[in-house]
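Chain residues, written in single-letter form:
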Amino acid sequence: MTVSTEPDRFASELRRWRTRRRFSQLDLAIRADTTQRHLSFLEQGRSRPGRAMVVRLAESLELSLRERNGLLLAAGFAPVYAESRLDAPELSPVREALERILDGHLPYPAVVVRPYGELVAANAAFGVLGEGVAPALLEPPVNVLRLALHPEGMARRVVNLAEWGRHITGSLREQAVRSPDPGLDAFIAELDGYLPDLEPPAEHLGFSVPLRLRAPEGELRLITTLTSFATAVDVTLSELRLEAFLPADEATAKILGRRGAAAAGPG
């Protein structure tokens, strides 16, 4: 199945992505198992690619599934990768698996987010992060990155806000380099506006920037892990990220353990 497209759109998109990835024509040709000559003709609009070639080029360029669909559309082909609603029946096993993972991570906080921090789900320990924040920041759709750095959010409880906040915005900038998006640029600028100046030297564990969070029981020190569905072939699923917080010291583990026990009640 094909769809109509502007003749030179695929050529310009292919050049744009190759340049963005900093590949030479030869580099990309080798990765995509084609010839530099053929790739040059594609970028000049002198040849039209088949659907299989577009998919191969998109994979070689390490595009996201959403971006691969975009390249297919530019070449005049229908998208290959489905984009299901998260509440769709076909994603029911995914939702159940995520719920088990979230519950299994207790008593430590864990969240599932869409791109740029939109909250999809959280476990019962999420309250550790949301204590004392402005109610407006918890109104759907919640953005956990804005919640983290906003002056009326977690920021007033974060001991190392300048350092930890720049860890967040630095990761977003890396995404913006790989996948340019004016909306993401604006979001990064917003988050940057919330951050104080960074005072060197930065204090960290040597392998990770911890979140140092004030709590009534004392300071919590947390590190995070990110998990994604590496083999996903659905756009929605491929964009989900599970962020799990882990105690960086024994004191934090004990505080969160006591909180978890109290929340669970007797029995």
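Note that the structure is a prediction, hence the values are computed from the model and not measured.

**Student:** So what about the packing of helix α4 (residues 51–60) against helix α5 (residues 65–74)? Which residues, and what values?
**Tutor:** Axes are the key here: two packed helices are described by the angle between their axes and the distance separating the axes. Look at α4 against α5: their axes get within 10 Å of each other, and the N-to-C directions meet at 145°. For α4 against α5, the interelement crossing comes out right-handed. From α4, Arg51, Val54, Val55, Ala58 and Glu59 reach across to α5, where they touch Arg68, Leu71 and Leu72. Classifying every residue of the contact of α4 with α5 gives 5 nonpolar, no polar and 3 charged.

**Student:** Could you give an account of the UniProt feature "domain: HTH cro/C1-type" (unreviewed entry) in the protein chain, with specific residues and numbers?
**Tutor:** UniProt's entry tags residues 14–68 with the feature "domain: HTH cro/C1-type" (unreviewed entry), counted in the numbering of this structure. For residues 14–68, the end-to-end C-alpha separation is 11 Å, with 69% helix and 0% strand making up the annotated structure.

**Student:** Break down helix α1 (residues 9–21) for me, with residues and values.
**Tutor:** Over its 13 residues, α1 runs 18 Å from end to end, which matches the ideal 18 Å to within 8%, given 1.5 Å per residue. Taken residue by residue, α1 has Phe10, Ala11, Leu14, Trp17, Arg18 and Arg21 as its buried positions. Burial along α1 is one-sided: seen end-on, the buried residues are contained in an arc of 140°. Those residues of α1 that are buried are in contact with α2 (25–31), α3 (36–44), α4, α5 and α9 (161–178).

**Student:** Please give an account of the pairing of strand β3 (residues 211–215) that cites residues and values.
**Tutor:** By the criterion of burial, β3 is predominantly enclosed, with 4 of the 5 residues buried. With 5 bridges connecting them, β3 and strand β4 (residues 218–228) associate as antiparallel partners. Looking at the pairing, Leu211 lines up with Leu222 of β4. Linking β3 to β4, which pair antiparallel, is a turn of 2 residues.

**Student:** Residues and numbers for the sheet that holds β4, please.
**Tutor:** Overall, antiparallel pairing links the 5 strands, which are arranged β2-β1-β5-β4-β3 in an open sheet. Each edge of the open sheet carries a strand with a single partner, namely β2 (119–122) and β3. For this sheet, the mean inter-axis angle between neighbouring strands, taken without regard to orientation, is 30°. As paired strands, β4 and strand β5 (residues 241–247) are joined by 7 bridges and run antiparallel to one another. For Leu226, the partnering residue across the bridge sits in β5 and is Glu243. Packing of helix α6 (residues 92–104) onto the sheet brings it into contact with β1 (110–113), β2 and β5, and relative to β1 it is tilted by some 150°.

**Student:** Tell me about the packing of aromatic side chains, and please be specific about residues and values.
**Tutor:** Inspection of the entire model under this criterion finds 0 aromatic pairs. Directly above the ring of Phe41 sits Arg46, whose terminal nitrogen or CZ lies 4.0 Å from the centroid.

Thresholds, definitions, all that
Residues numbered from 1 in each chain as written. Predicted model: local features only at pLDDT ≥ 70, side-chain atom pairs only at ≥ 80, totals over all residues. Heavy atoms only, no water. Axes fitted to C-alpha atoms, helices over the stretch in contact; angles between N-to-C directions. Helix = DSSP H or I, 4+ residues; strand = E, 2+ residues; numbered from the N terminus. Left-handed = near helix turned anticlockwise from the far one by under 90°. Contact = heavy atoms within 4.5 Å. Nonpolar A, V, L, I, M, F, W, Y, C, P; charged D, E, K, R; others polar. UniProt positions renumbered as here; feature names shortened; annotations may be inferred. Expected span 1.5 Å × (residues − 1). Buried < 20%, exposed > 50% of the residue type's maximum accessible area, 1.4 Å probe, protein only. Arc of directions from axis to C-beta. Pairing = 2+ DSSP bridges. Phe/Tyr/Trp six-rings, centres within 6.5 Å; stacked < 30°, edge-to-face > 60°. Lys NZ or Arg CZ within 6 Å of the ring centre and 35° of its normal.

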